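# Summary of structural features
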Amino acid sequence: MNGHAIPDLLREFDRAVAYSDSLWHDLTLDEVRWRPSSDFSPIGWHLGHQAAVAHYLVRNLVAAEPSLDPDLDALMDSITPEPGRGALPTLERLRDYRHASAERVRIRVEQIRSGDVGAPAQLAHIAVGMITAIINHEYQHGQWIGEVRAHHLGKALPDRPTSDVLIEIDGYLVVS
């Protein structure tokens, strides 16, 4: 385990998701769907991908729950080649998908933290690694979204999050 307690990691998860949300809350549908060529993924794909991966990890590591949206899960999977990542949902559907995924992460990790699961110590160990990976993945794609926002769309960037559990490696925020 990385030494961080689950409540600290849940706070960091909320901070990471809020940071990603701050990178697109003022963008138009065209800006969220924009990409320089079909070989690049639009901001909206990265936002959906963050949510898809987070829920995929939850439902495959700690809780057998159904997909939130099988069509979006397929679109937002890394296996989908970049040219196939352009048919993005509406902003509302993307926001709802992200919200539902984040809520499932919180619910399941809190359930594990409270011991309301079989094998609570073993699942707590898994949950720490899982939530750390989810946070790092959120910040990884947030970095790319921020670069597109600033360099291609000409939008100001919000301040990067800071906390006692974050460090920067190769320009990316990660849980230490």
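In this report, we go over the structure that sits alongside the text. What you see is a predicted model, and the numbers here were worked out from it, not measured in a lab.

## Structural notes on the side chain of His55
Assignment of secondary structure puts His55 in helix α3 (residues 43-62). A polar side-chain atom of His55 sits 2.6 Å from a polar atom in the side chain of Glu65. Apart from residues lying up to four places away in sequence, His55 is in contact with Glu65, Pro66, Ser67, Leu68, Ser101 and Arg104.

## A look at the pattern of salt bridges
Taken as a whole, this structure holds 15 salt bridges when the rule is applied. Note that Arg98 and Asp21 form a salt bridge whose closest N and O atoms lie 3.1 Å from each other. Placement of the pair is Arg98 in helix α5 (residues 91-113) and Asp21 in helix α1 (residues 6-22), with a sequence separation of 77 residues. A salt bridge links Arg149 to Asp26, with the shortest nitrogen-to-oxygen separation between them at 2.7 Å. In this pair, Arg149 is assigned in helix α6 (residues 120-152) and Asp26 in the loop between α1 and α2 (29-33), connecting sequence segments 123 residues apart. With relative accessibility at 35%, the residue Asp26 sits in the partly exposed group. Salt bridges sharing common partners tie together Asp14, Glu103 and Arg106.

## Concerning the side chain of Glu138
Relative to the helices and strands, Glu138 resides in helix α6. Engagement of the side chain of Glu138 in a polar contact is seen with the side chain of Arg98, the distance being 3.0 Å. When near neighbours in sequence (up to four residues on either side) are disregarded, Glu138 contacts Ala16, Val17, Ser20, Gln50 and Arg98.

## Describing α1
End to end, α1 covers 24 Å across 17 residues, agreeing with the expected 24 Å (1.5 Å per residue, within 8%). Three or more residues of α1 are buried, namely Ile6, Leu9, Leu10, Glu12, Phe13, Ala16, Val17, Tyr19, Ser20 and Ser22. On the buried face of α1, the contacting elements are α3, α5, α6, β1 (166-169) and β2 (172-175).

Cut-offs applied
- Residues numbered from 1 in each chain as written.
- Predicted model: local features only at pLDDT ≥ 70, side-chain atom pairs only at ≥ 80, totals over all residues.
- Heavy atoms only, no water.
- Helix = DSSP H or I, 4+ residues; strand = E, 2+ residues; numbered from the N terminus.
- Polar contact = N/O pair within 3.5 Å; in protein donor to acceptor, adjacent residues only side chain to side chain.
- Contact = heavy atoms within 4.5 Å.
- Salt bridge = Lys/Arg side-chain N within 4 Å of Asp/Glu carboxyl O.
- Buried < 20%, exposed > 50% of the residue type's maximum accessible area, 1.4 Å probe, protein only.
- Expected span 1.5 Å × (residues − 1).

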